[in-house]
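Summary of the model geometry
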Amino acid sequence: MTRPKVAFFSFGSCEGCQLQVLSAEDALPDLLRAVEIVNFREAVDERRDDYEVAFVEGSLVRPADVEQVQGIRKRARILVALGACACLGGVNAIRNRRSVAELAREVYGGRRDGVFTTLPDASPLSSAVLVDYELRGCPIDRDEFLEAVRSLAAGTVPVTPAYAVCVECTLRGTACLLERGVPCLGGVARAGCGAVCPAYGAPCEACRGCHDVPNFEALGEAFARHGMARAVAAEKLQLFNNYREVRETWERALPSPSGT
Amino acid sequence: MRRQKAMDQEVYRFPRSRLGALIERLARDYRVVGPVRRGAEHAWADVGPGAELALDYPTTMLPPRQFFAPPRELLFRFRRGADGRYTCHEPEAERPVALLGVHGCDLTGLRVLRSFHESSCRDRVVTGRLDRAFILGLACWAPCTAEAFCRDMASLESEAPAALYAWDLGDVLLVKVLTARGREVLQDVTALEAATSDEQVALRHRLRVRHEAFPSHLRFPPDRLAVALEAAADDLLWEATADRCLSCGRCNLVCPTCTCFDVGDEGTLDGAAAVRFRRWTGCQVPGFSKVAGGRDFRPTRAQQLRYRVVRKGKYMPERYGMVGCTGCGRCIAHCPTHISIREIFRQVGGGGGAGAAA
């Protein structure tokens, strides 16, 4: 079996997803036997463009990002988006509700000339190129990444969950946070993380986006039922799910919190 | 069906202080599991030092079927040899399970589980685990939750498939022998003393009080559900109820009679070895009814919700001989929007017809 050549790239992100790959220490020897890494700025000196699989982290935030990801798309046979920023726009998209001029004033005091140019919206990779597979999460899950590599190396399709985080909470025996009045998005959020946040008492923030058939009206009802305003659900969703096309899926059902 | 009063059969005194001895005795042959306190909840877990058996538990979130058809189960391992051929290995043999303190709803659930695995797919792995298990049933004195409706579903007084069945009277439990194995184990840890007449009076009294403690929510017997649900096939209630459904799947996972599973492989990076496993899924879990080519044979939330209810009340009794709802109330209690199968049963069975009269 020849080893597929793979590359890692990043745009607007904390590069934490690539760190997840590097921190899979026990699996790295096997990973390097299974694939050949030809480009990975965070880890290796090599810079080659003859890759077949590109793993791309981050959201597109500058005009140059769009050109660069289109170049990656041309060279790669398979493009995999890594993490919340690449798949959803992620936390970078929180800024999308405000104008670039307004943001520039706030961040640079108006003296932004010559810093860099900015896209009006921080955007997921899919806004500019065809994405073959998505590995979601903030950050991605190591095991899910390794399983995806195995599937791609074997020529099969990586499968990731289509269902809610509630499934994983229930299976690991975590008592429902909503029932305790904690604003948890698990009922609409996509699973795959093993419901790790609720297991430690932290409500789900839907960092993997929403599952295949989210019912935001019902989420609003569940919040209300457990003594929380529907607007709290909207406010929580803005953290990772604020990119225009994602936001449109929940905005109608859940009233926006004021001032955003 | 044979029904006898408790006193007609072998009923013995079991001093509470002997529970430890019972656990010790069972641990020789079984993995001993019972309700254990976990924070504010109770869960089925191995009992022993540090995990005390909590027989006064109301109920658990996950039902006992987890020990017979586990949430994630290794089916076999396979490996590619140097010659390119694959070899398969079965999982290691596991210890049989002793379950202590199983309530009527969950005893019924285990019978439903068997009825499905015996008739539908002849799953000898699951029925084998049920065959080898040792079960101590435990009577309830009051509804465990506001959602429970076990009396309506005729599971409150279930005793099979228990080997021993207990009524907890405080310092002493009265224990009925239901199988030869049960008698054998009981004999090893107690002197098989008959209940005193005071204890028998106390039990009769508790049983009378209990009957009043469990309110009746449905005005018809569970065997009428099939007809009622058939008549309600096009009812608007499915749409209206599904509007509140998150499709989170909790109702499936906490159900003592859900049996659906998904099968998958997980392998090493070099593709030389893998495991095949199965894991729980359910008809309310997104993706469940998607098939090859991306088609979905039950695409709407209303169809999915209706399917769950109709399977429990009609398809299961018709195909496997037992109603698939035990009235445990878990799916209601754990639904984030409190969708109630009891309320649906009441609506489809209550409006006119023979059901409303009784």
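As the structure is a computational prediction, the values presented were derived from the model and not from experiment.

The next point concerns helix α10 (residues 230-237) of chain A. Residues and elements named next belong to chain A. The set of residues buried in α10 consists of A233, A234, K236 and L237. Buried residues of α10 fall within an arc of 160° about the axis and therefore sit on the same side. Considering only its buried residues, α10 is in contact with α9 (216-225) and α11 (244-251).

Residues and elements named next belong to chain A. As summarised here, the arrangement of the five strands in space is β2-β1-β3-β4-β5, forming an open sheet in which the pairing is parallel. Either end of the sheet is taken by a strand with one partner, and the two such strands are β2 (36-40) and β5 (133-135). In this sheet, adjacent strand axes meet at a mean angle of 20° when their direction is disregarded. Contacts between helix α3 (residues 63-75) and the sheet are confined to β1 (5-10), β3 (53-57) and β4 (78-82), with β4 contributing the most and set at about 135° to the helix.

Taken together, the contact pairs 36 residues of chain A with 30 residues of chain B. Of the roughly 2500 Å² buried where chain A meets chain B, counting both sides, 64% is carbon and sulfur surface. It is A:R150, A:T170 and A:L171 in chain A that bury the most area against chain B; as a group they hold 23% of the surface buried on that side. Counting across the chain A and chain B interface gives three salt bridges. A salt bridge links B:K290 to A:D212, with the nearest nitrogen and oxygen atoms 3.7 Å apart.

Another point: the domain arrangement of chain B. Frequently, the measure chosen for interface size is the accessible area that the parts lose on association. Residues and elements named next belong to chain B. In terms of domains, chain B is made up of domain 1 (2-60 + 95-213) and domain 2 (222-258 + 288-349). In this complex, domain 1 contributes 23 residues to the contact, which on the side of domain 2 involves 23 residues. Approximately 1800 Å² of surface area, both sides summed, lies buried where domain 1 meets domain 2, with 63% of it carried by carbon and sulfur atoms. Among the residues of domain 1 in contact with domain 2, E147, F149 and M153 are the three that bury the most area, contributing 35% of the side total. For the pair domain 1 and domain 2, the number of links is one salt bridge. Notably, a salt bridge pairs R330 with D106, separated by 2.8 Å at the nearest N-O pair. The interface formed by domain 1 and domain 2 includes 10 residue pairs in polar contact (both at pLDDT 80 or more). Ranked by residues supplied to the side of domain 1 that touches domain 2, first place goes to helix α2 (residues 104-119) with nine residues.

Definitions and cut-offs
- Residues numbered from 1 in each chain as written.
- Chains lettered and ligands numbered in written order.
- Predicted model: local features only at pLDDT ≥ 70, side-chain atom pairs only at ≥ 80, totals over all residues.
- Heavy atoms only, no water.
- Buried < 20%, exposed > 50% of the residue type's maximum accessible area, 1.4 Å probe, protein only.
- Helix = DSSP H or I, 4+ residues; strand = E, 2+ residues; numbered from the N terminus.
- Arc of directions from axis to C-beta.
- Contact = heavy atoms within 4.5 Å.
- Pairing = 2+ DSSP bridges.
- Axes fitted to C-alpha atoms, helices over the stretch in contact; angles between N-to-C directions.
- Buried area = accessible area lost by both parts, 1.4 Å probe.
- Salt bridge = Lys/Arg side-chain N within 4 Å of Asp/Glu carboxyl O.
- Domains from an automatic or database assignment.
- Polar contact = N/O pair within 3.5 Å; in protein donor to acceptor, adjacent residues only side chain to side chain.

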